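In case you want the letters, here they are:
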Amino acid sequence: MTDDEEAARLPAGQFLTKRFPVLTYGATPDISTDDWGLRIWGVGLAEPVEFDWREFNSLGSHETTRDFHCVTTWSRFDNRWEGIPISAFWDVITPHLDSTPAAVMLHCHGDYTTNLLIDDFLEPDNLFATQHDGKPLSPGHGGPMRFVCHHLYGWKSAKWINGVELLDADARGFWEVHGYHIRGDPWDEERFSYQE
Ligand SMILES: Nc1nc2c(c(=O)[nH]1)N[C@H]1C(S)=C(S)[C@@H](COP(=O)(O)O)O[C@H]1N2
Ligand SMILES: [Mo]
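To start, this report covers the structure provided alongside it. (Residues numbered from 1 in each chain as written. Chains lettered and ligands numbered in written order. Predicted model: local features only at pLDDT ≥ 70, side-chain atom pairs only at ≥ 80, totals over all residues. Heavy atoms only, no water.)

Within the structure, ligand 1 sits among 19 residues, and Pro 21, Tyr 25, His 141, Arg 146 and Lys 159 are positioned closest to it. Contacts to ligand 1 include Leu 23, whose backbone N or O atom sits 2.8 Å from an oxygen atom. Contacts to ligand 1 include Lys 159, whose side-chain N or O atom sits 2.5 Å from an oxygen atom. When isolated, ligand 1 has an accessible area of 530 Å², and the protein chains bury 98% of it. In the shell around ligand 1, the residues fall into 13 nonpolar, 4 polar and 2 charged. (Near = heavy atom within 4 Å. Polar contact = N/O pair within 3.5 Å; in protein donor to acceptor, adjacent residues only side chain to side chain. Areas by Shrake-Rupley, 256 points an atom, 1.4 Å probe, with all protein chains shown as cover. Nonpolar A, V, L, I, M, F, W, Y, C, P; charged D, E, K, R; others polar.)

Under the defined criterion, the tally for this structure stands at 13 salt bridges. Residue Glu 50 is joined to Arg 39 by a salt bridge in which the shortest nitrogen-to-oxygen separation is 3.2 Å. Of the two residues, Glu 50 sits in strand S3 (residues 49-52) while Arg 39 sits in strand S2 (residues 37-42), which places them 11 residues apart along the sequence. Owing to a relative accessible area of 54%, Glu 50 belongs among the exposed residues under this scheme. Salt bridges sharing common partners tie together Asp 120, Arg 183, Asp 185 and Glu 190. (Salt bridge = Lys/Arg side-chain N within 4 Å of Asp/Glu carboxyl O. Helix = DSSP H or I, 4+ residues; strand = E, 2+ residues; numbered from the N terminus. Buried < 20%, exposed > 50% of the residue type's maximum accessible area, 1.4 Å probe, protein only.)

With that settled, consider the pairing of strand S11 (residues 161-167). Side chains on a regular strand alternate between the two faces of the sheet. Counted residue by residue, S11 has 5 buried out of 7 residues, so it is predominantly covered. Where S2 and S11 come together, 4 bridges link them in parallel fashion. Bridging from a neighbouring strand, Gly 42 pairs with Leu 166 of S11. (Pairing = 2+ DSSP bridges.)

With that settled, consider the layout of surface pockets. When its volume is computed, the largest pocket comes out at roughly 490 Å³. For the largest pocket, the lining is made up of 30 residues, of which Leu 23, Thr 24, Tyr 25, Tyr 112 and Lys 159 are closest to its centre. (1 Å grid on protein atoms, 1.4 Å probe; cavity = no way out; pocket = protein on both sides within 12 Å on 5 of 7 lines; lining within 4 Å. Points joined across faces, edges and corners; volume = space filled by probe spheres on them.)

This part covers the packing of aromatic side chains. This model, assessed by the stated rule, comprises 26 aromatic pairs. Aromatic pair Phe 68 and Trp 81: ring centres 6.3 Å apart, planes at 50°, arrangement tilted. Here Trp 81 lies in strand S5 (residues 74-85) and Phe 68 lies in strand S4 (residues 62-69), a separation of 13 residues in the sequence. Taking the relative accessible area as the measure of exposure, Phe 68 reaches 6% and is therefore buried. Looking at Arg 9, its charged tip hangs above the ring of Phe 77, at a distance of 4.3 Å from the centre. Directly above the aromatic system of Phe 20 lies the positively charged group of Arg 76, at a separation of 5.0 Å from the ring centroid. (Phe/Tyr/Trp six-rings, centres within 6.5 Å; stacked < 30°, edge-to-face > 60°. Lys NZ or Arg CZ within 6 Å of the ring centre and 35° of its normal.)

Treat this as a map of the structure, not an account of what it does.
Below, the structure is given as structure tokens:
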């Protein structure tokens, strides 16, 4: 990679690291795949939809290699993620919906939350990842399952995800309440709420 290529891939205010830092607020939960579950509820859904580990992993598979940008200014290039594609997940949910949500709130073990507009959530390359760079996702990086949204800052990529709440209006998650931008596009440097 030339310096020009590197610069073109780095959003303003970011530096490149080859490491893969762990950025977690609070403790790392220990979740066995036997205990794993994902629950979807909220606006437009008469009944919650629930998946166990086996059901969820059988929905489909997706592999993609993308750059990752944390708002604390580190970026890591060429992360290879493997997991369940957002489209396969949404194909299961849509027949149950009687209205389209405006946004989602992702819920995690340990009470972390983060919000995304529906179009950001459904971006076709998004996935629920179980593997990173060819290895099962470590507990520190969100194992056994995390959501990954490449085009927004890393805090939107919810680790240890266990719930998707469908919302009729955008609302603020954990960091968004504590001063981060409600959307978080690194290419527009949407870091803080005062920039909204
Ligand atoms: N549940 C949960 N998800 C989370 C976080 C967290 O503290 N808890 N941190 C976020 C932040 S700020 C970033 S940058 C990425 C970091 O992912 P990594 O620790 O795998 O590098 O996870 C995001 N997802
Ligand atoms: Mo972050």
